[in-house]
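The residues making up each chain are set out below.
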Amino acid sequence: MYEEVTGSLMQSYNICKRQVWLMAHQIIPDQEHPYLEMGRLIDDISYDRDRKKLNFENVVIDLVRNDNGNLLVGEVKKSSKAEKSAKMQLLFYLYKLKQNGIEAKGQLFFPEERKKIDVGLTSESEAEVVNAINEIRDIINMDKAPSFEKIPYCKNCGYKEFCLS
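An unreviewed UniProt entry lists the chain under the name CRISPR-associated exonuclease Cas4, with Thermoanaerobacterium butyriciformans as the source organism. UniProt, in its Sequence similarities (unreviewed entry) section for the chain, records the words "Belongs to the CRISPR-associated exonuclease Cas4 family."

Right under this line is the structure:
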């Protein structure tokens, strides 16, 4: 059974448990959904001086920069509406880096809002990440997707058609 937790699953976990299951089971959202397309475009055109898309293990970091001799990893998002889920995704990346002996600081970037938020891995946030990883694995290993629950995020979700049909 698929058990590898990714940053995307971590982000989804803080929004919709059903989405976690669907993503983990390779049920792909509508790739032409306008919000997915806009997110990809913002990611492509923002912060082009920084190194983009660092890949290792099951982690894809949007940008990496040197911040006065410290490694800074960043996650670029369309808006801060889902700030908590974006923060958990970035904390997951910081946790995975730490597991590999790499200390880093994090920063969330919301270019449309010209907003940045510093994110650091503390013992409390690390425990929260570990707990979320375990819960995500439990969701993934369910025989079927969690029941549909209408939430405000459904309005702009790439799985909307799937869940409402």
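**Description of the pairing of strand E5 (residues 115-119)**
Looking at chain direction, strand E4 (residues 105-110) and E5 are connected through 5 bridges and run antiparallel. Bridge pairing in E5 places glycine 106 opposite valine 119. A loop of 4 residues connects E4 with E5, the two strands running antiparallel in sequence, and arginine 114 in this loop sits at a positive phi of about 50°.

**Here we look at the side chain of glutamine 89**
Within the secondary structure layout, glutamine 89 lies in helix H4 (residues 83-99). Of the residues examined, glutamine 89 reaches a relative accessible area of 3% and is grouped as buried. Side-chain polar atoms of glutamine 89 contact the side chain of tyrosine 93, separated by 2.9 Å. Those residues in contact with glutamine 89 that lie beyond four places of it in its chain are Gly7, Ser8, Met10, Gln11, Glu75 and Lys77.

**Topic: the packing of H4 against helix H5 (residues 123-140)**
At a closest axis distance of 10 Å, the pairing of H4 and H5 adopts a crossing angle of 95°. In terms of orientation, H4 lies roughly perpendicular with respect to H5. Across the interface between the two elements, Lys84, Met88, Leu91, Phe92, Tyr95 and Lys98 from H4 touch Ser125, Glu126, Glu128, Val129, Val130, Ala132 and Ile133 from H5. Looking at the contact of H4 with H5, its residues break down into 8 nonpolar, 1 polar and 4 charged.

Conventions and cut-offs
- Residues numbered from 1 in each chain as written.
- Predicted model: local features only at pLDDT ≥ 70, side-chain atom pairs only at ≥ 80, totals over all residues.
- Heavy atoms only, no water.
- UniProt positions renumbered as here; feature names shortened; annotations may be inferred.
- Pairing = 2+ DSSP bridges.
- Helix = DSSP H or I, 4+ residues; strand = E, 2+ residues; numbered from the N terminus.
- Buried < 20%, exposed > 50% of the residue type's maximum accessible area, 1.4 Å probe, protein only.
- Polar contact = N/O pair within 3.5 Å; in protein donor to acceptor, adjacent residues only side chain to side chain.
- Contact = heavy atoms within 4.5 Å.
- Axes fitted to C-alpha atoms, helices over the stretch in contact; angles between N-to-C directions.
- Parallel < 35°, antiparallel > 145°, perpendicular 65-115°, else oblique.
- Nonpolar A, V, L, I, M, F, W, Y, C, P; charged D, E, K, R; others polar.

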